[in-house]
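This is what each chain is made of:
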Amino acid sequence: MIEFKKVSKSYDKINYVLKNIDFTVKTGEFVVLVGESGCGKTTTMKLVNRLIDSSEGEVRIDGENVREVDPIILRRRIGYVIQKEGLMPHMTIGENIELVPKLLKWSKEKRKQRAMELLELLSLNADIYYDKYPHELSGGQKQRIGIARALAINPDIILMDEPFSALDPITRESIQDEILKLQKELGKTIIFVTHDMDEAIKLGEKIAFLKDGEIIQYGTPDEILKNPATDYVKQFVGDDRMWKTPSKLLVSDIMSKNYRTIEGRGNLSRAFNLLQTHDTDFLIVTQKEDGYHSEPIGLIFRKNLISGIENKNTRVREIMYTDFETLNKDNNLLEAIDKMASINARVIPVLNKENKLVGVVTNLGLVDAINGIAPTN
Ligand SMILES: Nc1ncnc2c1ncn2[C@@H]1O[C@H](COP(=O)(O)OP(=O)(O)OP(=O)(O)O)[C@@H](O)[C@H]1O
Ligand SMILES: [Mg+2]
């Protein structure tokens, strides 16, 4: 666990580049620091391995103040991947990966075994790449070597400072996928810096949002997308981003609470009245009178009533549609679209975990949501 406790940093005792940084990264967690250039991301990260010391406050690793640990010992526990892959050009890939193990006086065999293992782990053929030089590798491959080097002595913490920013989008995607896989498999605690919100959302279990040396929001990507703490965060995240990630948009975000219910034993005359008074096309039929929190048992549409209205005393449960689908409020937009399309429905009641009615998704509401996905088209 890494704890930042009211950490501030000033180089001149007048201007603070970090102010009261206070957050916790749990063991095994992937936390992303985002924010615009100069907001203090790199500085925050370097406090962990003491490339920079704080002016006030403390950084603790598993309860221990890093100021009280010998930096050399500290850095053995912490892998560090810098923005440029930072490989030594005159050394082979193998030698580059083995730099720290060599400093720690690992035997040649043990070092090589570890380097070969890491190359394979990062999807590079070890027999081919071990003896190559950095200039013979692509940008993406060099970046992988940078990561391999950070993993060489199996640190439990890895710090990554904009490691993928120089890569093309496709290579970047695939290395992002690899690092996610690695973190799952190896259970490393990762602090990752980026100024790319897409990358932050994809990788981060939590995102710390920095501005002018302060954390203005710390939360899961979902929390930040849905409830940006300030207008600045909202702007940075992009107002339309929710719509660009439909799988993150939930039925509860798009459902309407504007619906009427009628109990099953209500008669058609009452149903008709409700439709007229509330200017709606459908009613959700529920077991009990106050149907808002009970289970829906059917649907009644205006057009059914027009033909059945002769007998005003007929009960709605006798003519209602019982063959209807429901959605859960935690389903995502894509699931809602799928369901709506597959059953060709106009109205889908939305239930909570207890199967109680909490809203409704209409095909019109969905069309609005879908239009929101691509506001520019
Ligand atoms: N050695 C230094 N002396 C004085 N000020 C510094 C020093 N190093 C960094 N700063 C200032 O601290 C602030 C934060 O810098 P930092 O490198 O942490 O930003 P960053 O968020 O990583 O930015 P970028 O996205 O451009 O890498 C900046 O305003 C920078 O000018
Ligand atoms: Mg930086």
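Residues numbered from 1 in each chain as written. Chains lettered and ligands numbered in written order. Predicted model: local features only at pLDDT ≥ 70, side-chain atom pairs only at ≥ 80, totals over all residues. Heavy atoms only, no water.

Colleague: What is the right way to read the overall build of the chain from this model?
Modeller: Looking only at helices and strands, the chain has 18 helices and 16 strands in total. Seen along its three principal axes, the alpha-carbon backbone of the chain occupies a region of about 95 × 55 × 40 Å. Out of the 377 residues in the chain, the part that is buried amounts to 47%. Here the contacts in the chain between residues at least 6 apart in sequence split such that 62% fall between residues at least 24 apart. With the model as given, the accessible surface of the chain reaches about 19000 Å², and the carbon-plus-sulfur share is 48%. Averaged over its 53 positive side-chain charges, the chain has a centre that lies 2 Å from the centre of its 56 negative ones. (Helix = DSSP H or I, 4+ residues; strand = E, 2+ residues; numbered from the N terminus. Buried < 20%, exposed > 50% of the residue type's maximum accessible area, 1.4 Å probe, protein only. Contact = heavy atoms within 4.5 Å. Areas by Shrake-Rupley, 256 points an atom, 1.4 Å probe, with all protein chains shown as cover. Lys, Arg positive; Asp, Glu negative; His and termini not counted. Charge placed at Lys NZ, Arg CZ, Asp CG, Glu CD.)

Colleague: I would appreciate a short explanation of the environment of glutamine 276 in the present structure.
Modeller: Mapped onto the elements of the fold, glutamine 276 is located in helix α14 (residues 268-278). Distance in space between the C-alpha atoms of glutamine 276 and valine 360 is 19 Å, their sequence separation being 84 residues.

Colleague: Help me understand the domain arrangement of the chain in this model?
Modeller: You can read the domains of the chain as domain 1 (2-244) and domain 2 (252-373). The straight-line distance from the C-alpha centre of domain 1 to that of domain 2 is 49 Å. (Domains from an automatic or database assignment.)

Colleague: Where do I start with the nonpolar core in this structure?
Modeller: For soluble globular proteins, nonpolar side chains are generally found buried alongside one another. By size, the foremost hydrophobic cluster in this structure holds 44 residues, and its most contacted members are Ile97, Ile147, Met160 and Phe164. Ranked by residue count, the leading element in this core is helix α7 (residues 139-151), at five residues. The contacts of isoleucine 147, once residues within four sequence positions are left out, are Val81, Leu122, Met160, Phe164, Ile175, Ile179 and Leu182. With 26 residues, the next largest nonpolar core counts Leu33, Ile52, Val66 and Ile157 among its residues. (Core = buried A, V, L, I, M, F, W, Y, C linked by side-chain atoms within 4.5 Å.)

Colleague: Explain the sheet that holds strand β1 (residues 2-10) here, please?
Modeller: As summarised here, the arrangement of the four strands in space is β2-β1-β4-β5, forming an open sheet in which the pairing is antiparallel. Either end of the sheet is taken by a strand with one partner, and the two such strands are β2 (16-25) and β5 (64-65). Bridge count for β1 against β2 is six bridges, and the pairing is antiparallel. Across the sheet, the residue bridging to glutamate 3 is threonine 24, located in β2. (Pairing = 2+ DSSP bridges.)

Colleague: Quick question: what am I supposed to make of the site of ligand 1 here?
Modeller: Taken together, the residues surrounding ligand 1 are Tyr11, Val17, Glu36, Ser37, Gly38, Cys39, Gly40, Lys41, Thr42, Thr43 and Glu162. At 2.5 Å from an oxygen atom of ligand 1 is found a side-chain nitrogen or oxygen belonging to threonine 43. Contact between ligand 1 and glutamate 162: an oxygen atom at 3.4 Å from a side-chain N or O atom of the residue. In the complex, 56% of the free accessible area of ligand 1, which totals 640 Å², lies under the protein chains. When residues of the shell around ligand 1 are assigned to their parent elements, the largest contribution, three residues, is made by helix α1 (residues 41-48). (Near = heavy atom within 4 Å. Polar contact = N/O pair within 3.5 Å; in protein donor to acceptor, adjacent residues only side chain to side chain.)

Colleague: When you look at the pattern of salt bridges in this model, what are you seeing that I'm missing?
Modeller: Where side chains of opposite charge bring their charged atoms close, a pairing between them can arise. Inspection of every chain in the model, using the stated rule, returns 21 salt bridges. Between aspartate 177 and lysine 202 there is a salt bridge, with its nearest N and O atoms 2.8 Å apart. With aspartate 177 in helix α8 (residues 169-186) and lysine 202 in helix α9 (residues 197-203), the pair connects residues that are 25 residues apart, well separated along the chain. Taking relative accessible area as the criterion, lysine 202 reaches 29% and is therefore assigned partly exposed. Lysine 226 is paired through a salt bridge with aspartate 222; the nearest N and O atoms lie 3.9 Å apart. A residue pair is termed a helical-turn pair when its members lie 3 or 4 positions apart in one helix, as lysine 226 and aspartate 222 do in helix α10 (residues 221-226) at four residues. (Salt bridge = Lys/Arg side-chain N within 4 Å of Asp/Glu carboxyl O.)

Colleague: When you look at the pairing of strand β12 (residues 282-286) in this model, what are you seeing that I'm missing?
Modeller: Consecutive side chains of a regular strand alternate in pointing toward one face of the sheet and then the other. For β12, the buried fraction is high: five of the five residues fall into the buried class. As judged from the three bridges shared by strand β11 (residues 261-263) and β12, these two strands associate in the parallel manner. Bridging from a neighbouring strand, glutamate 263 pairs with threonine 286 of β12. Each parallel crossover has a hand, and for β11 linked through α14 to β12 it is right-handed. (Right-handed = clockwise from strand over helix to strand, strands pointing away.)

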